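Results of the structural survey
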Amino acid sequence: MQQIFPAIALEISVLLLGVLMLLAEAFSRRADRSHMARYAIGVLAAIVGFSFFTKAAPEHIEAGSYWTMYSVDATALFFKRIALVTTIAFLIMALEYRHVLTRFIPGAEEGRGTGEFYCLPVFICAGLMFMASAVDFILIFVSLELVTIGFYALVAYMRRNTLCLEAGAKYLILGALSTGFLVYGITWIFGITGQTNLFLVKTELIRGFSVPSIAGTEHLGHLIGNESALLFGIVLVLVGLGFKVAAAPFQLWVPDVYQGAPTPVTAFLSVGSKAAGFVVLVRVLEVFLAVPALGGKVTTVLVLLAAATLIYGNITALPQENLKRLFAYSSIAHAGYLLIACASLAGDPAAAKQAISFYLAGYLLMTLLSFLILIVVARHSRGDEIRHFNGLGKRSPLLAGAMTLAIASLAGIPLTVGFLGKFLVFKTAVATGHWLLISLGIVAVAAGFYYYLKVIAAMYWQEPTDSTPIEIAPLTRIAITALGVLIIVFGIFPTPILTQLREPARKPVADIAQR
Amino acid sequence: MTVLSLILLLPIVNALAIMFGAPARRSALLASWAQLALTLFAVLGYHRDAGGLQFQSTWNVASEWGLSLKLGADGLSLVMLLLTALVTVAAVHASPRIEKREGLFFACVLLIDAGAAGAFASFDLFFFYAFHELALIPTFLLIGIWGHGQRHAAAWRNTVYLALGSIILLVGRAQLYLADPVGARTFDMVLMLKNRALIPAAAQGGIYGWLLVGFGILISLVPFHSWAPSAYASAPTPAAMLHAGVLKKFGLYGLLRVAVPLLPEGAREWSHVLLVLLVLNILYIGLVTIAQKRLDTMLGYSSVMHMGYIFLGIAAGNAVGLSGAALLMLGHGLSIAALFAVCGYLRQNSPTTAFIDFGGIAKTAPFLGYAFGMAAFASIGLPGFANFAGDLMVFFGAFGSAPMPGALSFSAIQIAVICGLWGVVISAVYMLRAYRQMFMGAGTGTNVIADAAPMLRWPLLVLLAALLIGGVWPRSYLSFIQPSVEALIAK
C-alpha cells in the first residue's frame, strides 16, 4: 500500500471534524441536530478508508521530538480503525436513541440540545486513536483523560433521569480515583527509571536488572534486589488500567454505570473504553514482561486478576434479568477472557497479542450489534429487561435472527467471530500452561451459555406480549445486516483481520534506544 | 464444486429459503431426499479400489495457522454421511403437524442435519468441530418450543451440558494442535495423521484425557450422561431422531478419527478408566433402563446404554473392533431413529407414553407392530440386522485384542466383554417387555392407535431396509468402513 499521508493525519482530521461539529452546534440554525450525526458518520467512514493509505510514522526516535510519544505499528492502526468504527456505530445508535434522549433533557424538543451528544464521541474517538499510538506515559495519560472526560459528560447526559445521574456520579468518582492510581503509579516508575517513554523505560529496566554474565555489561544492575518500589508503581498502574478495562476487583462501577447511562454510551463504553484499556495494558505490560526479574511477578498478578474477573463476571451475570445489566456483567466476563491472554503475554507474546486484538475486534462486532438491537427493541417495548424481548422471533424475524447471531457469538459458538476469539485465547493459555485459568475459563464459558441463551429463550420460546411490528430505520437496518454478516464472515474467514494485525518487520528495540 | 459441498450447502440454503418464506415441509422433504440421492451418488461414485480420501476440495482460510476448510470423504465418513441422510429423510417425514412457526421448525431440523453432515465431511479439525456446534442452538430451540413435558429444563440442561463438553473438547483440540512443533502445526487431519509421530508420547495421556471427557460428554458416557434421557424424552420427534441417531455419533466418530489414531499412547493410558466407564454404561444404565415406565425415557436410556458397546469397540483399538464400532454406530443410529419415530407417532395419538396405557397396538396397527418389533430386535442385537454384525465384531475384536487367557485369568478388556454380553440380555429384557406390554395382548379399549399413514411408513421402511442390508450382507458397509479404519491405525 502506498503511503500518502502520515498516520497522525487521521487524528487531526477527527479532531477537525469535532471542532467543526462544535461550531455547527453553536451556529447552526436548524433545530434538529440529527443531520450533524449523519455528516459525521460519512466523514468518519471516509477516515476509515484513508487509514488504509497510511503507513508507519517515522521510525527514528529523536529525543524531545513528538515522535517519542507516538508510534504507528500495525496494532496501533488496527485499533484506530476499531475506534473509528465504534464511533460510527455509536452515532447510528444515537440517531436511533434520540427520541429517548429528548425525553430526558430540558428544552430538547425537536432535537434541540442533542448536538453535544453527537460531537463529544468524536473527541473521544480522537482520544482513543491517540491512545492506540501512545508509547509514552504522558501521552497515554493525556489521551486517557480526553476519553474519560468525554465519557463523564456522555454518561450523565440525560439530565432528568435519576438513574442516569447516579451513573454519572459513580463514573466520575471512580474514574477520578482510577486516574489517581494511574498517575501515582506513573510517578513511581518515572522516579525509578527517569523516563516516561516506554522504550526508554524498558532499556532502563533491562540495564537496571542486568547481570554482568548475561548482558555483557560490567556493573551489576542497580535495581537488583531493590525492586519493591518499582513493583509498587507497576501495581498502581495495573490498578488504574484495571478500572478502565473493568477487571475485578475494580469492576464495582460497571453494572450501575452501564445500566444508567444512555444505551449508546453503554455500548461505546464497553467497546471503546475496553479496547483502549487493553491496547495500553498490552503496551505497558510488554515493557515489564521484558525484564525476567519482574515478568514472573507481573504474570502472577495478571493471573489473579483474570481469575477474579472470570469468576465474578460470570457468576454475577447468571441471575440478571435486565439486559443492559446482563451485558455489563458479561463485559466483565469478556475482560476476564482477555486477561487470560494478557497473562499469557510473557510465555507466548506474538500469539497472545494476536488473540487480544482479534478478540477485541470480534467483541466490537457482537457487542455493537446486540446493543443496536437492544436500542431498537427497547424503544418499541419501552424497557430493556429480558422479558421485553419475549416473542421477538415473531414480531421481527430480522432483529431476532441478528440478535441470535450476536448472542451465539458472545457465547462462543463456532462459525462466529466470538468463537474464534475464544479459541485463540484458550490456545495461548494452553501454550503457556495456565491450567488454573483454563479450568476457570471452561466453567465460565458454560455459565455464559446459560445467561446468554436466556435471551434466545425469551425471543423464541415465549409469546409476544405486544404484537405490533417493529419498524427499523434504513440506516439501522444496514448497520444490523452489515454487523451480522461480518460476525459470520470473520468467524469463518479471519484472514482480513489477521493481515491487518501483521506487523511489518520492525527494528529491534535496543537499536532504537541507542540513538 | 464437489458432491460433498452440495450435500453440505443443500440443507443450509434450504433452511435459509424456508426462513425467507418457502413452503416449509415441502422444501424440507425435497432437500432431504435430494441429500439422500446425492449421498448415494457419492457412495456409488467412490472408488473403493483407490481408497483414501476422495471428493476433496480445499479452501484456504488462514494459512498462518494451517487452517483451511477441507472437505472430503473416505469410506468411514461416507457411511456416516449415509446415516445422516437416511435419518434426516426419516426425521422430516416423521415430523408431526406443526401448529406454530412451521418454518422455524424445519429450518432447525435442516440445520442440525447440515451440522452433522458438515462434521462428517470435514477433514479439518477446526471445521470438524465447528460444524457439530451448528446444531447446538437449533436443538435448544426445537426442544424449548416444540418439546414435551419438562421441555424448558431439558433444553437448558442439554445445551449447557453440551456446551461444557464442547469447550473441554476445544481445550483438548488446542493441545493437540500445539503438541506438534512450531512449523508443523496444522488443523489438517490428513497431515496430522501423517505427522502423528511428532506428538510426544509423554504428552499424549493428557490430551487424550481432555478429548475423552469432551467427546464423552457429547456421547453420554457415564457419568456425563444425565443430559441425554431427559433431552430425548422431551424433544420433538425429529430432534430426538437426529440427535440420538446422528449427532451423538459425532463424538464416537471423533474418537475414532482423531483420538485413537493420533494418540495411541494416550489411549493405552486411559484404557482402564474407559473400560470401567463403558461397563457402567452397559450394566448400570441397562438396569436403569429396565426400571423405566415410559417409552420415551426408556428409549433415551437405551440409547445411552448402547454407547457402551461402541466404546468397547473403540477400547479394543484393533481393526476388527473399530470397524465393528463403526458398523454399530450405523446400526444404532438407524434403529434408534426408527424407534423414536414410532414413539413420536404414539405420543401424537395418545395422551401419555407410559407402557401401562397401551396394549394390543399390533392388532389395530399391524404395520407399526412390525416396524417397532424389527427395530427393537435390531436394537437388542439379534441376527439379521446391522447391529448384530457390529456387536459381534466389537466383542470378537475386544476379546482378541488381549492375549488369550490361560486357565481362568482374563485381562481387563475380556472381563469387559463378558459384562457387555450380559448387556445384550438386559436389552432383550427391556425391549421385549415394552414390546409385549404395548403391542401384544389385549387392547386397553380406550387408547386405540390407528396404523401409520404412508407418510410415516416410507421412512420406516427405508431405515429398516438399511438395517437389514447391514445384517444379511455386512460386507456392503464393511467394504467401505474397514479399509478406512485400517488406514487410520496402520503403523
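From a predicted model like this one, the values you see are computed outputs, not experimental measurements. (Residues numbered from 1 in each chain as written. Chains lettered and ligands numbered in written order. Predicted model: local features only at pLDDT ≥ 70, side-chain atom pairs only at ≥ 80, totals over all residues.)

A separate point is the overall build of chain A. Of regular secondary structure, chain A possesses 21 helices and zero strands. Relative to the compact-globule value of 24 Å for 515 residues, chain A shows a C-alpha radius of gyration of 23 Å, a close match. Each principal axis of the C-alpha distribution contributes one length, and for chain A these read about 80 × 55 × 45 Å. The buried share of chain A, reckoned over its 515 residues, is 58%. (Helix = DSSP H or I, 4+ residues; strand = E, 2+ residues; numbered from the N terminus. Rg over C-alpha atoms; globule rule 2.2 N^0.38 Å. Buried ≥ 20, exposed ≤ 12 C-beta atoms within 10 Å, placed from the backbone.)

Let's shift gears to the overall build of chain B. When its secondary structure is counted, chain B shows 20 helices and two strands. On C-alpha atoms alone, chain B measures out to a radius of gyration of 21 Å, which is about the 23 Å that the 2.2 N^0.38 rule sets for 491 residues. Looking at chain B as a whole, 61% of its 491 residues are labelled buried. When contacts within chain B are restricted to residue pairs at least 6 apart in sequence, long-range pairs at least 24 apart make up 82% of them. (Contact = placed C-beta atoms within 7 Å.)

Residue and element names in this part refer to chain B. Mapped onto the fold, Gly 66 is located in the loop between β1 (54-62) and β2 (67-73). With 21 C-beta atoms counted inside 10 Å, the residue Gly 66 sits in the buried group. Counting along the chain gives 184 residues from Gly 66 to Phe 250, while the straight-line C-alpha distance between them is 23 Å. In this structure Gly 66 touches Arg 185, Thr 186, Phe 187 and Asp 188, once residues within four positions along its chain are discounted.

This part is about the interface of chain B and chain A. The interface of chain B with chain A comprises 25 residues on the first partner and 26 residues on the second. For the side of chain B that touches chain A, the secondary-structure elements that each account for two or more residues are β1, α5 (125-133), α6 (136-146) and α7 (151-179) of chain B. For the side of chain B that touches chain A, the per-class residue count stands at 19 nonpolar, four polar and two charged. (Nonpolar A, V, L, I, M, F, W, Y, C, P; charged D, E, K, R; others polar.)

Turning next to the environment of Leu 211 of chain B. Residues and elements named next belong to chain B. Tracing the chain through its elements places Leu 211 in helix α9 (residues 201-219). The sequence separation of Leu 211 and Leu 4 amounts to 207 residues, and the corresponding C-alpha distance is 27 Å. Excluding its chain neighbours within four sequence positions, the residues that come into contact with Leu 211 are Leu 169, Gly 172, Val 258 and Ala 259.

Before going further, it helps to spend a moment on the confidence of the model for chain B. With 99% of its residues at a pLDDT of 70 or more, chain B has an overall mean of 91. Two summary scores accompany this predicted model of the complex, namely pTM at 0.93 and ipTM at 0.91. (pLDDT = per-residue confidence, 0-100.)

The next thing to look at is helix α1 (residues 8-27) of chain A. Residues and elements named next belong to chain A. For α1, with 20 residues, the first-to-last C-alpha span of 29 Å sits near the 28 Å given by 1.5 Å per residue. Here α1 has its buried residues at Leu 10, Glu 11, Val 14, Leu 17, Gly 18 and Met 21. In a view along the axis of α1, the buried residues occupy a sector of 120°, so they form one face of it. Every exposed residue of α1 that faces more than 90 degrees away from the buried side is listed here: Leu 23, Ala 26 and Phe 27. Buried residues belonging to α1 abut α2 (34-50), α3 (74-103) and α4 (115-133). (Expected span 1.5 Å × (residues − 1). Arc of directions from axis to C-beta.)

Between Ala 248 of chain A and the following residue, Pro 249 of chain A, the backbone shows a cis peptide bond with an omega angle of 5°. Here Pro 249 of chain A lies in the loop between α9 (228-245) and α10 (254-260). Omega for the peptide link from Val 222 of chain B to Pro 223 of chain B comes to 5°, which places this bond in the cis form. By the element assignment, Pro 223 of chain B lies in the loop between α9 and α10 (227-234). Phi angles above zero are rare outside glycine, and Ser 220 of chain B is one such case at about 65°. As for its placement among the helices and strands, Ser 220 of chain B is situated in the loop between α9 and α10.

Turning next to the confidence of the model for chain A. Residues and elements named next belong to chain A. Here chain A averages 88 in pLDDT, while 91% of its residues score no lower than 70. When pLDDT is averaged over each element of chain A, helix α13 (residues 323-343) comes out on top at 95 and helix α21 (residues 509-514) at the bottom at 43. Long-range and interchain partners of residues 506-515, a stretch whose pLDDT sits below 50, account for 12 contacts in this model, where long-range means more than four residues apart.

Residue and element names in this part refer to chain B. Their axes nearest at 8 Å, the elements helix α1 (residues 3-19) and helix α4 (residues 102-121) cross at an angle of 165°. In terms of orientation, α1 lies roughly antiparallel with respect to α4. Once α1 is placed against α4, the crossing between them reads as left-handed. Residue-level contacts link Leu 4, Ile 7, Leu 8, Pro 11, Ile 12, Asn 14, Ala 15, Ile 18 and Met 19 of α1 to Gly 103, Phe 106, Ala 107, Leu 110, Leu 111, Asp 113, Ala 114, Ala 117, Gly 118 and Ala 121 of α4. Taken together, the residues of the contact of α1 with α4 break down into 15 nonpolar, three polar and one charged. (Axes fitted to C-alpha atoms, helices over the stretch in contact; angles between N-to-C directions. Parallel < 35°, antiparallel > 145°, perpendicular 65-115°, else oblique. Left-handed = near helix turned anticlockwise from the far one by under 90°.)

This part is about the pairing of β1 of chain B. Residue and element names in this part refer to chain B. Taken together, the six bridges between β1 and β2 define a ladder with antiparallel strand orientation. Looking across to β2, one finds that Gln 54 is bridged to Ala 73. Taken together, β1 and the strand that follows it, β2, pair antiparallel across an intervening segment of four residues, in which Gly 66 is found at a positive phi of about 65°. (Pairing = 2+ DSSP bridges.)

Let us look at the packing of helix α16 (residues 397-411) of chain A against helix α19 (residues 474-492) of chain A. Between two packed helices, what matters for the description is the angle formed by their axes and the separation of those axes. All names here are of chain A. Contact geometry for α16 and α19: axes closest at 10 Å, N-to-C directions at 40°. Here α16 is positioned oblique relative to α19, judged by the angle of their axes. As α16 runs across α19, the sense of the crossing is left-handed. Facing α16, whose interface residues are Ala 402, Leu 405, Ala 406 and Ser 409, α19 presents Ile 480, Gly 484 and Ile 487. Residue composition of the contact of α16 with α19, by class: five nonpolar, two polar and no charged.

What follows covers the pairing of β2 of chain B. Counting buried positions over the seven residues of β2 of chain B gives seven, a clear majority of the element. With burial as the criterion, each face of β2 of chain B is covered, one bearing Leu 67, Leu 69, Leu 71 and Ala 73 of chain B and the other bearing Ser 68, Lys 70 and Gly 72 of chain B.

Our focus in this paragraph is the environment of Arg 347 of chain B. Mapped onto the elements, Arg 347 of chain B comes out in helix α14 (residues 319-348). Residue classification places Arg 347 of chain B among the partly exposed positions, given that 18 C-beta atoms sit within 10 Å.

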